[in-house]
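Descriptive structure summary
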Amino acid sequence: MSAQIRKAGPEDAEAWIKLVTETLGSSHSAKQVFDPDWVRQNLAADSGHETWVAEAGGRLIATATVLFFAPKADNTETTLSGVSRDYSFIKNPVCNIGRNLCLPEALEDGSTEALLGRITALASERSQMAIVRVLASDNRQQVAFEKAGFVCVGFQPDKHFHSIREEVLFYVKPARDLINKRVSLSESIPQIAELASAALANLHIPCNANVHDGGQGYPLQTDIKFVRAGGERYEEEKEKARALNPPREISGGFNTGHGYMRIDKAMPADAFIVERGGKIVGGVHFIFDELDRCVRVLSAYCTDALSMGAMLHHLVKISHDDLNAFYVEIDVLITSGKLLISAEQLGFVPTAYLPGFHKHAEGVVDIVKLVKFNQNFVIEEVELTAQARALSEVVSRCLESQSSGVAIVNLLRDLAIFKGLGDGELHKLGRLFTQKLFKACESIFGRNDTGDEAYVIMRGKVDIFLDEKSQPIASFAQGQVFGELSFLDGSPRGAKAIAAQPSILLIIKRSEFFELTQREPHLGLAVMKNIALELGNRLRRMNSALEAGRP
């Protein structure tokens, strides 16, 4: 191996651009990486980044950058880089490696491995956990990182956009002195526990968490007011709330760049704050990555121990309705059980398990990276290492479970009786429904029949009769619900239901619904409340109609 490993400077701008062109092509979506002025600025010592390169024969053959690192020179401690720095001020134990590019020859002659060795030695010196994103399509780079001691802990489909959306693997190299201080995972929900087991197995760390399906998260709807604000207003309100010591549930802020190359964007940070009873009780700080079209949560706080689920629900709505984001991404501490359950209820799935990535008192806490897709995604068939394959299979199963029954979930989402439920809860409900086709004029149930089912019309029309000779007293069409009263209390049917035309109905049984609500009482409470409101509205409409018909 003849390559020289050194820190890059502004004078390397042209050579760095050439390496980018050779590895990513000349049409990469982040146009800044081809701008010499931008590159020189990012290679400068005061850029806040630290770029290292492998140079052979006067050309760069590999590069990697420690992102968003702001050194502070106030003592005479000498590091491997030959620069006097004091790293004790770094509270976030993360060495975020990005812009990792290499030519085939650097992979073949060990230059990439040597480059990674130098950077991870620096991370170890600073007591930081190294993390890097590797394209799933680049099997040779996966092998190189694993040879350098990195371990695969996550997989995310369609994370970055180049000429197409690309899948990404998350690799980490832990700082052993931090890993020994980590707060162990004691209990979790099934999907996170499965991902944690796979990731920790690659690290040879046991995972003995108790697994609980369901559980009580934060409510997804509460009586609060959302106010859109900028990052500065958010930080002011968060500082005011410091005395109340709100729990830390989200880790972020070290991951603010855009796209695969993590481009710094000069744009105002977005946020909203939350008011209850005229008092501010929380807020969420986030960015919109225009290159990958994703929303990334940087920070959040809540002082009322109630509103965090509704805040996350509101962020999902903003990402879908206002920003047309492809996905929402959030890093949650594994100690934040209620928020993890709320995220699952909203349809978030775990894509990476990061051990010891959040500083906590004298130790460190694991982080779960969660993603909520707003649009359809595709998982490509690519060559993966054994480590990467194990993680991708776990995440793929989680995503497959979440994406199954999409048509049913889309239908349920718009129904009044399921108002306030997240996509994750709707998926669980959707699995309880069975579909049945009724021919025109076919009876669905008769008057005085025993009833323990409710019906949702997926397609068609149903008429309700008091007796055979009367006119319909009500008609229901696609997307409407009927049969709720007998579903609630098991009483005999008060009328007869007949398919007015060929119809496809979704049917849910009371016993199966109640079994689900015992595990997830918030879901049951929300549905029962909505049914009561809907029945009340129907009764008022009937009374109004009767009043109008009186002489």
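Thresholds applied
- Residues numbered from 1 in each chain as written.
- Predicted model: local features only at pLDDT ≥ 70, side-chain atom pairs only at ≥ 80, totals over all residues.
- Heavy atoms only, no water.
- Helix = DSSP H or I, 4+ residues; strand = E, 2+ residues; numbered from the N terminus.
- Buried < 20%, exposed > 50% of the residue type's maximum accessible area, 1.4 Å probe, protein only.
- Contact = heavy atoms within 4.5 Å.
- Areas by Shrake-Rupley, 256 points an atom, 1.4 Å probe, with all protein chains shown as cover.
- Lys, Arg positive; Asp, Glu negative; His and termini not counted.
- Charge placed at Lys NZ, Arg CZ, Asp CG, Glu CD.
- Pairing = 2+ DSSP bridges.
- Axes fitted to C-alpha atoms, helices over the stretch in contact; angles between N-to-C directions.
- Core = buried A, V, L, I, M, F, W, Y, C linked by side-chain atoms within 4.5 Å.
- Phe/Tyr/Trp six-rings, centres within 6.5 Å; stacked < 30°, edge-to-face > 60°.
- pLDDT = per-residue confidence, 0-100.
- Parallel < 35°, antiparallel > 145°, perpendicular 65-115°, else oblique.
- Nonpolar A, V, L, I, M, F, W, Y, C, P; charged D, E, K, R; others polar.
- Arc of directions from axis to C-beta.
- Salt bridge = Lys/Arg side-chain N within 4 Å of Asp/Glu carboxyl O.

Examining the overall build of the protein
Helix and strand counts for the protein stand at 16 helices and 25 strands. Projecting the C-alpha coordinates of the protein onto the three principal axes gives extents of approximately 95 × 50 × 45 Å. A buried classification covers 54% of the 551 residues belonging to the protein. Sequence-distant contacts, at least 24 apart, represent 73% of the contacts inside the protein between residues at least 6 apart. Within the structure as shown, the protein displays about 24200 Å² of accessible surface, and the carbon and sulfur contribution to it stands at 51%. Charge separation in the protein, taken as the distance between the mean sites of 61 positive and 69 negative side-chain charges, equals 4 Å.

Overview of the sheet that holds strand β21 (residues 461–465)
Strand order in the open sheet made by the 4 strands is β19-β24-β21-β22, with antiparallel pairing throughout. Edge positions in the sheet fall to β19 (443–445) and β22 (474–477), since each has one partner strand and no second. Across the sheet, the mean angle from the axis of one strand to that of its neighbour is 25°, orientation sign disregarded. Where β19 lies against strand β24 (residues 496–499), 2 bridges are found, and the strand directions are antiparallel. Bridging from a neighbouring strand, Phe445 pairs with Ala497 of β24.

Concerning the side chain of Glu453
Examined against the element boundaries, Glu453 turns out to sit in strand β20 (residues 453–459). On the accessibility criterion, Glu453 (17% relative accessible area) is buried. Excluding anything up to four places from it in sequence, Glu453 contacts Gly483, Phe487, Arg493, Ile507, Ile508 and Lys509.

Overview of the sheet that holds β20
Taken in spatial order, the 4 strands of this open sheet run β18-β25-β20-β23, and their pairing is antiparallel. For this open sheet the edge positions go to β18 (434–438) and β23 (481–482), each flanked by a neighbour on one side alone. Bridging between β20 and β23 involves 2 bridges; their strand directions are antiparallel. If you follow Val456 over to β23, its bridge partner there is Val481.

Side note on the nonpolar core
Counting 128 residues, the largest nonpolar core has Trp16, Phe150, Tyr171, Met261, Leu315, Phe348 and Tyr353 as its most contacted members. Ignoring anything within four residues of it in the chain, the contact list for Phe150 reads Ile97, Leu116, Thr120, Ala130, Val132, Phe145, Tyr171, Val172, Lys173 and Gln387. Core analysis: the next-biggest nonpolar cluster, separate from the first, contains 24 residues, Val481, Ile508, Ala526 and Ile531 among them.

Digging into the packing of aromatic side chains
On inspection of all chains with the given rule, the structure shows 14 aromatic pairs. Summarising the aromatic geometry, the rings of Tyr327 and Phe373 are spaced 6.0 Å apart at their centres and angled 55° between planes, so their arrangement reads as tilted. With a gap of 46 residues between them, Tyr327 in strand β15 (residues 327–333) and Phe373 in strand β17 (residues 363–373) connect regions that are remote in the sequence. Owing to a relative accessible area of 0%, Tyr327 belongs among the buried residues under this scheme. Accessibility expressed as a relative area gives 12% for Phe373, which makes it buried. Among the aromatic residues, ring-to-ring pairing joins Phe445, Tyr455, Phe476 and Phe482 into one connected group.

Some remarks on unusual backbone geometry
Even without being glycine, Arg293 reaches a positive phi, approximately 50°. Secondary-structure assignment places Arg293 in the loop between β13 (279–289) and β14 (294–302). Assessed through its relative accessible area of 33%, Arg293 is described here as partly exposed. The residue Ala305 is not glycine, and still its phi comes out positive at about 55°. Mapped onto the elements of the fold, Ala305 is located in the loop between β14 and α9 (308–322).

Some points on the confidence of the model for the protein
Averaged over the protein, the pLDDT score is 85; the fraction of residues at 70 or greater is 90%. Of all secondary-structure elements in the protein, the lowest mean pLDDT belongs to strand β9 (residues 187–188), at 68, while helix α1 (residues 13–24) reaches the highest, 95. Within the model, pLDDT remains below 50 along residues 69–90, and this stretch shows 39 contacts once partners closer than five positions in the same chain are excluded.

Details of the packing of α1 against helix α2 (residues 36–43)
Where α1 meets α2, the closest approach of the two axes is 9 Å, and the angle between their N-to-C directions is 110°. Classed by the angle they form, the pair α1 and α2 counts as roughly perpendicular. Where α1 approaches α2, its residues Ala13, Glu14, Trp16 and Ile17 are matched on the opposing element by Pro36, Val39, Arg40 and Leu43. Grouping the amino acids of the contact of α1 with α2 by side-chain chemistry returns 6 nonpolar, no polar and 2 charged.

A look at helix α8 (residues 231–240)
The complete set of buried residues in α8 reads Gly231, Tyr234 and Glu237. Projected onto a plane normal to the axis of α8, the buried residues spread over an arc of 130° and lie on a single side. With respect to the buried face of α8, the exposed residues turned more than 90 degrees away are Glu232 and Lys240. Where α8 is buried, its residues meet β11 (225–230), β12 (270–276), β13 and β14.

Quick word on the environment of Leu203
With respect to the element layout, Leu203 can be found in the loop between α7 (190–202) and β10 (210–211). Along the backbone, Leu203 and Val172 are 31 residues apart, and their C-alpha atoms lie at a distance of 9.5 Å. In this structure, Leu203 is in contact with Val151, Val153, Pro174, Arg176 and Pro355, ignoring residues within four places of it in sequence.

A look at the pattern of salt bridges
All told, the structure shown has 26 salt bridges when counted by the stated rule. Across the pair Asp12 and Arg6 runs a salt bridge, and its minimum N-O distance is 2.7 Å. Taken as a pair, Asp12 and Arg6 share a single burial class, namely buried. Put simply, Glu453 and Lys509 hold a salt bridge, and the shortest N to O gap is 2.8 Å. Remark: Lys509 occurs in strand β25 (residues 503–509) and Glu453 occurs in strand β20; sequence separation between them is 56 residues. With relative accessibility at 35%, the residue Lys509 sits in the partly exposed group. Because the salt bridges share partners, they merge into one network encompassing Lys159, Asp289, Arg296, Glu329, Asp331 and Lys369.

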